[in-house]
Amino acid sequence: MPVTGIGGLFFRSGDPDARAAWYKEHLGIDAGQASVWQQEAGMTVFAPFPADSDYFAADQAFMLNLRVTELDALAASLEAAGIQVERKDEWTNTEYGSFARIHDPEGLAIELWQPPN
């Protein structure tokens, strides 16, 4: 019996209510207690990284990657809300799509990914 997908992401938080409100306000994800997020079908990448990888911060055990549409519009909306959006030329229009990076209120790296058309 193979695994068919990721059933959830559970993580600790110093202030779960405030963190859930941030995700809902800025990314449209209802992350409150006992909520269910229905997502669109699409690719999910499951990839262990070497412990010494510099792809994301060494003090983080994982990085959240979210598939998005209209990455440029989302980045502009986040920046207008005072959220720093990191973009690099080498992350734009790659064979895998385009990427940007933000951090949630507790410092978790979130990679925003717009897959190629």
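As shown above, the structure is provided for reference.
All of the points below concern the structure found in this document. (Residues numbered from 1 in each chain as written. Predicted model: local features only at pLDDT ≥ 70, side-chain atom pairs only at ≥ 80, totals over all residues. Heavy atoms only, no water.)

1. So, the pairing of strand β2 (residues 98–103)
Then step 1. Burial analysis of β2 places five of its six residues in the buried class, the great majority of the element.
Then step 2. Both β2 and strand β3 (residues 109–114) contribute to a ladder of six bridges, which runs antiparallel. The residue bridging His-103 from the neighbouring strand is Ala-109, located in β3.
Then step 3. Linking two consecutive strands that pair antiparallel, namely β2 and β3, is a turn of five residues; a positive phi of about 90 degrees is found at Gly-107 within it. (Buried < 20%, exposed > 50% of the residue type's maximum accessible area, 1.4 Å probe, protein only. Helix = DSSP H or I, 4+ residues; strand = E, 2+ residues; numbered from the N terminus. Pairing = 2+ DSSP bridges.)

2. Let's talk about helix α2 (residues 71–80)
Then step 1. For α2, the full list of buried residues reads Leu-71, Leu-74, Ala-75 and Leu-78. Along the long axis of α2, the arc covered by the buried residues comes to 100 degrees, so they all point the same way. Opposite the buried face of α2, by more than 90 degrees, sit the exposed residues Asp-72 and Ala-80.
Then step 2. Among the structural elements, α1 (16–27), β2 and β3 are those in contact with the buried residues of α2.
Then step 3. One or two residues past the end of α2 sits Gly-82, with phi positive at roughly 90 degrees. (Arc of directions from axis to C-beta. Contact = heavy atoms within 4.5 Å.)

3. Considering the environment of Pro-116
Then step 1. Take Pro-116: it is sitting in the segment after β3.
Then step 2. With relative accessibility at 44%, the residue Pro-116 sits in the partly exposed group.
Then step 3. Sequence spacing of Pro-116 and Thr-94 is 22 residues, and the spatial spacing of their C-alpha atoms is 8.0 Å.
Then step 4. Leave out the neighbours within four places in its chain, and Pro-116 touches Glu-95, Tyr-96 and Gly-97.

4. Brief notes about the side chain of Glu-111
Then step 1. Structurally, the position occupied by Glu-111 is in strand β3.
Then step 2. Judged by its relative accessible area of 4%, Glu-111 falls in the buried class.
Then step 3. One polar contact links Glu-111 to Arg-101, side chain to side chain, over a distance of 3.2 Å. (Polar contact = N/O pair within 3.5 Å; in protein donor to acceptor, adjacent residues only side chain to side chain.)

Geometric descriptors of this kind do not, in isolation, establish any biological role.
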